Amino acid sequence: MPLTTPLTIEQLNAATPAEFVALLDGTYEHSPWIAERAAALRPFASLAGLKHALVSVVRDAGQGPQLALIRAHPELAGKAMVSKTLTAESTNEQGKAGLTDCTPEEFARLQQLNADYNARFGFPFILAVRGPRGLGLGRHEIIATFARRLGNPVDFEREECLRNIHRIAEIRLNDKFGVSPELGNRVWDWAEQLAQHSDPGYAERGELTVTYLTDAHRACAQQLARWMRQDCGFDEVSIDAVGNVVGVYHGQDRAAPRLLTGSHYDTVRNAGKYDGRLGILVPMAAVAELHRAGRRLPFGIEVVGFAEEEGQRYKATFLGSSALVGQFDPAWLDQVDADGVTMRAAMQHAGLCVDDIPALARDPARYLGFVEVHIEQGPVLAELDLPLGVVTSINGSVRFVGEVTGMASHAGTTPMNRRRDAALAVAELALFVERRAAAVPDVVGTVGIVEVPGGSINVVPGRCRFSLDIRATTDAARDACLHDVRTELAAICQRRGVAVVLDETMRASAAPSDPAWQARWERAVAALGLPVQCLPSGAGHDAMKLHERMPQAMLFVRGLNAGISHNPLESSTNEDIELAVHAFADVLEQLNTEPAA
Ligand SMILES: [Zn+2]
């Protein structure tokens, strides 16, 4: 609790430059120049706007002042102390945060990491030790982060230090303003609790894996349903015939078209805690706020926790959202998992009635549209130091598996100009894909699998299997890239005297955001006092399925650790999540006040 009166944005906006600097004293370590320059950027619309202005000042200052800022911080390892009383009780205090209670081994490890870090980077290791929830990281986490970041490239690590400095400043500003992101905390805690459920084989290792209809998966569904009912005040909560959790918060008029929103609660193997789940929990927090205030909007809100998006247990993906658009393919029911269990059997075991699946298709006339909140799963927002971004389009994609056939021959006796090397043809293709995709903005191409079956150290590769994945913001850009790749592949094969077979395994159309819905997210972000950043989504999302039936638009939330995803390092702060809840609530208010169409 702050001892003095909390600071306000109005006070900062009205202050003289000198007062402004004094009021922000201590936000950035020994670096009043940041506040001095930010003073000229006033007025600020919000605390989020102020934080962003401070971040911009540091970014625009260039590398010299940035390094000086990093060096103004004391070494983290300097705070480490060996515990004086290494009793059984104190060593068992796993939850205890901070570095003041190290074992001698931990202390020695920290000192070594610190020495290695300084030798490699020449600046001190900076970590926001209060962490993404503000409660403090444990010694374990601190040491693991230290060790991991030691392997970063220098420029990347300098940026990572700056991001941590901004997080430290953010927490200090919250203290000065006497604010705490209660809604962000709530969602963060839900995500943490939901992550307690994990499939066997992963749970034991502390890894998060929740695949379709496992015990952990069904426990997640039950948990979400309970929160919706008991903590959030949804009027109707059910688990549907494919395992989707559906919560409805009625509007004043139960017959009025509803807003549809949600995302998936299944995960990839060894996943992060936010992919998909954020898009269920953020709307839940917004509904809980409406319920708490006893408010009913002119429209209902339907939040869906989609049972399956990631295609981990069965080959089919987007099972949950496919059912809502009437595209659940009955043939999927005969797919088998790694243990030979059919999807049909898994569904029966879970008490789901497959006969009811066709009835899950939603009538678009009963919905205003679909919105989805999702962690970005990429580095764009982290690099721009922005907590939120508005999605312009979900990339269209196409995938192939291929095989080049040349001639296996003796590596010692086959002259270089007589070879028909299948692997080199694929190598050439991969380099072309890289060059061609990079030549156009928002096109990406990947050769993710390159394999020489039965390859040998002394044999020129006679066969080479490969994969090809091309994605772009528009189908036209994707197809143009694919056309050039096919042409080049034919030329490579002709020149090298090899043959190729290319099989298309997947094709998805780009899903551009509906302009009116994208504009609502943009207004919501602007209303928070933040710059509006639009970006395409490189990954597929449930929204691309709903896109086939109704207008859709997505909001992205910045990820920590440079936006890494499908990885346990995927993370988000209570502060960024709080902003996402506010943005979602703002969209609700816009729909509330917009004249009916
Ligand atoms: Zn996802």
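Since the model is a prediction, treat every value here as computed from it, not as a measurement. Note that residues are indexed from 1 along each chain, following the sequence as it is written. Confidence filtering applies because this is a predicted model: local features only for residues at pLDDT of at least 70, side-chain atom pairs given and counted only at 80 or more, and all residues used for totals across whole chains, interfaces and linings. To get the side-chain values, take all heavy atoms of the structure and skip hydrogens and water.

**A look at the pattern of salt bridges**
Between side chains of opposite charge, pairing is possible as soon as their charged atoms come close. Salt bridge criterion: a side-chain nitrogen from Lys or Arg within 4 Å of a carboxyl oxygen from Asp or Glu. Per the stated rule, a full pass over the model turns up 37 salt bridges. Notably, a salt bridge pairs R313 with D337, separated by 2.8 Å at the nearest N-O pair. On the criterion of sequence distance, the pair formed by R313 in the loop between β4 (301–306) and α13 (319–324) and D337 in the loop between α13 and α14 (343–349) is long-range, its members being 24 residues apart. R313 gets classed as buried once you look at its relative accessible area, which sits at 18%. Whether a residue is buried, partly exposed or exposed follows from its accessible area with a 1.4 Å probe, protein chains only, as a fraction of its type maximum: under 20%, in between, or over 50%, in that order. For D337, a relative accessible area of 9% gives the class buried. Among the ionic pairs, E428 bridges to R496, the shortest N-O distance being 2.7 Å. Here the residue E428 occupies a position in helix α16 (residues 422–438), and R496 occupies one in helix α17 (residues 475–496), the gap between them amounting to 68 residues. Taken together, the shared-partner salt bridges connect D475, R478, D479, E504 and R507 into one network. Put simply, DSSP H or I for four residues or longer makes a helix, DSSP E for two residues or longer makes a strand, and each gets a number counted from the N terminus.

**Examining unusual backbone geometry**
The peptide bond linking R42 to P43 adopts the cis configuration, its omega dihedral lying at 0°. Secondary-structure assignment places P43 in the loop between α3 (32–39) and α4 (47–61). Positive phi values are uncommon outside glycine, yet F318 reaches one of about 55°. The topology assignment puts F318 in the loop between β4 and α13. Residue A562 is not a glycine yet carries a positive backbone phi of 60°. You can see A562 is positioned in helix α20 (residues 560–563). Judged by relative accessible area, which is 16%, A562 ranks as buried.

**What to know about the packing of α4 against helix α9 (residues 154–177)**
When two helices pack together, their arrangement is captured by the angle between the axes and the distance separating the axes. Axes here refer to lines fitted to C-alpha atoms; in helices the fit is confined to the stretch in contact. Angles between the N-to-C directions go from 0 to 180 degrees. At their nearest, the axes of α4 and α9 sit 11 Å apart, and the two run at 145° to each other. Considering only the axes of α4 and α9, their crossing is right-handed. In this structure, α4 contributes L47, L50, K51, L54, V55 and V58 to the contact, and α9 contributes L162, H166, E170, L173, N174 and F177. When its residues are assigned to classes, the contact of α4 with α9 shows eight nonpolar, two polar and two charged. The hand of a helix crossing depends on one turn: near helix anticlockwise from the far one by less than a right angle means left-handed, and clockwise means right-handed. Whether two residues touch is decided by their heavy atoms; if any such pair falls within 4.5 Å, the residues are in contact. Gly is put with the polar residues, along with every residue not named as nonpolar or charged; the nonpolar set is Ala, Val, Leu, Ile, Met, Phe, Trp, Tyr, Cys and Pro, and the charged set is Asp, Glu, Lys and Arg.

**A few points about the coordination of the zinc ion**
Only nitrogen, oxygen and sulfur atoms within 2.8 Å of the metal, or 3.2 Å for Na, K and Ca, are treated as donors, and water is left out, so sites may look incomplete. Here the zinc ion is held by H264 (NE2), D275 (OD) and H374 (NE2), and the distances to it run 2.0 to 2.3 Å. Between consecutive donors of the zinc ion, the numbers of intervening residues give the motif H-x10-D-x98-H. Here D275 is found in the loop between β3 (258–264) and α12 (278–292), whereas its partner H374 is found in strand β5 (residues 367–375), with 99 residues between them in sequence. You'll find D275 and H374 in the same group, each marked buried.

**So, the confidence of the model for the protein**
On average, residues of the protein carry a pLDDT of 94, and 96% of them reach 70 or more. Segment residues 85–96: pLDDT under 50, and eleven contacts once partners within four positions in sequence are set aside and those in other chains are kept. Per-residue confidence from the predictor is reported as pLDDT, which spans 0 to 100.

**What to know about the packing of aromatic side chains**
For any pair of aromatic rings, the description rests on two quantities: the centre-to-centre distance and the angle between the ring planes. Planes of paired rings set the category: under 30 degrees apart is stacked, over 60 is edge-to-face and the rest tilted, where pairs are Phe, Tyr or Trp rings (Trp by its six-membered ring) whose centres lie within 6.5 Å. Under the definition given, this model contains eleven aromatic pairs. Aromatic side chains Y117 and F121 sit 4.6 Å apart centroid to centroid with 50° between the ring planes, which places their arrangement in the tilted category. Within this pair, Y117 and its partner F121 are both found in helix α7 (residues 104–121), separated by four residues, close to a single helical turn. Just as Y117 is buried, F121 falls in that class too. With a centroid separation of 6.1 Å and 75° between ring planes, the pair formed by Y117 and F123 is classed as edge-to-face. Each member of the pair, Y117 as well as F123, is classed as buried. In textbook terms, an aromatic cluster arises when at least three aromatic residues are bridged by ring pairs, as seen for Y117, F121, F123, F125 and F146. The criterion is that NZ of a Lys, or CZ of an Arg, lies within 6 Å of the ring centre and within 35 degrees of the ring normal, and then a charge sits over that ring. Its end group placed over the ring of F156, R163 keeps NZ or CZ at 5.7 Å from the ring centre.

**Things to note about helix α8 (residues 139–149)**
The complete set of buried residues in α8 reads R139, I142, I143, T145, F146 and R149. Around the axis of α8, the buried residues are gathered within 160° of arc, so they sit on the same side. Where the residues of α8 are buried, they touch α7 and α9. To obtain the arc, one takes the directions from the helix axis to the C-beta atoms.

**Comments concerning the nonpolar core**
If you look at soluble globular proteins, the nonpolar side chains tend to sit buried side by side. For this analysis, a nonpolar core means a set of buried residues of the types Ala, Val, Leu, Ile, Met, Phe, Trp, Tyr and Cys, connected via side-chain atoms within 4.5 Å. In this structure, Y212, M284, F328, M347, L388 and W521 are the most contacted members of the largest nonpolar core, which totals 82 residues. Take this core: its biggest share by element is ten residues, from α12. Ignoring anything within four residues of it in the chain, the contact list for M284 reads W190, L224, W227, M228, C232 and F234. Judged by nonpolar contacts, the second largest core, of 50 residues, contains L47, V55, L137 and I142.

**So, the packing of α12 against helix α21 (residues 574–593)**
Contact geometry of α12 with α21 gives a least axis separation of 9 Å together with a crossing angle of 60°. Judged by the angle between their axes, α12 and α21 are oblique. Along this stretch, α12 crosses α21, giving a crossing that reads as right-handed. Contacts between α12 and α21 involve L278, V282, P283, A285, A286 and L290 from the former and I577, A580, V581, F584 and L588 from the latter. Partitioned by chemical class, the residues of the contact of α12 with α21 number eleven nonpolar, no polar and no charged. Roughly parallel means an angle under 35 degrees; roughly antiparallel means over 145; roughly perpendicular covers 65 to 115; every other angle is labelled oblique.

**Structural notes on the pairing of strand β12 (residues 463–472)**
With eight of ten residues buried, β12 is to be regarded as a mostly interior element. Note: two strands are recorded as paired if DSSP finds a minimum of 2 bridges between them. Relative to β12, strand β7 (residues 396–405) is paired through ten bridges, and the arrangement is antiparallel. Paired with S397 across the two strands is R471, which belongs to β12. Relative to β12, strand β9 (residues 443–446) is paired through four bridges, and the arrangement is antiparallel. Across the sheet, V444 pairs through a bridge with R471, a residue of β12. In terms of strand pairing, strand β10 (residues 450–451) meets β12 through two bridges, oriented antiparallel. Its bridge partner being in β12, V450 is matched across the sheet by F466.

**Examining the environment of E302**
One can find E302 in strand β4. E302 sits in the buried class, given a relative accessible area of 2%. Considering only alpha carbons, one finds E302 and L259, 43 residues apart in sequence, at a separation of 6.1 Å. Ignoring sequence-local partners within four residues, the contact set of E302 consists of V246, G247, V248, R258, L259, L260, T261, R362 and Y367. As used in this structure description, the phrase polar contact means that two N or O atoms lie within 3.5 Å; if the pair is within protein, one of them must be able to donate a hydrogen and the other to accept it, and residues adjacent in sequence are counted only when both atoms belong to side chains. Engagement of the side chain of E302 in a polar contact is seen with the side chain of R362, the distance being 2.9 Å.

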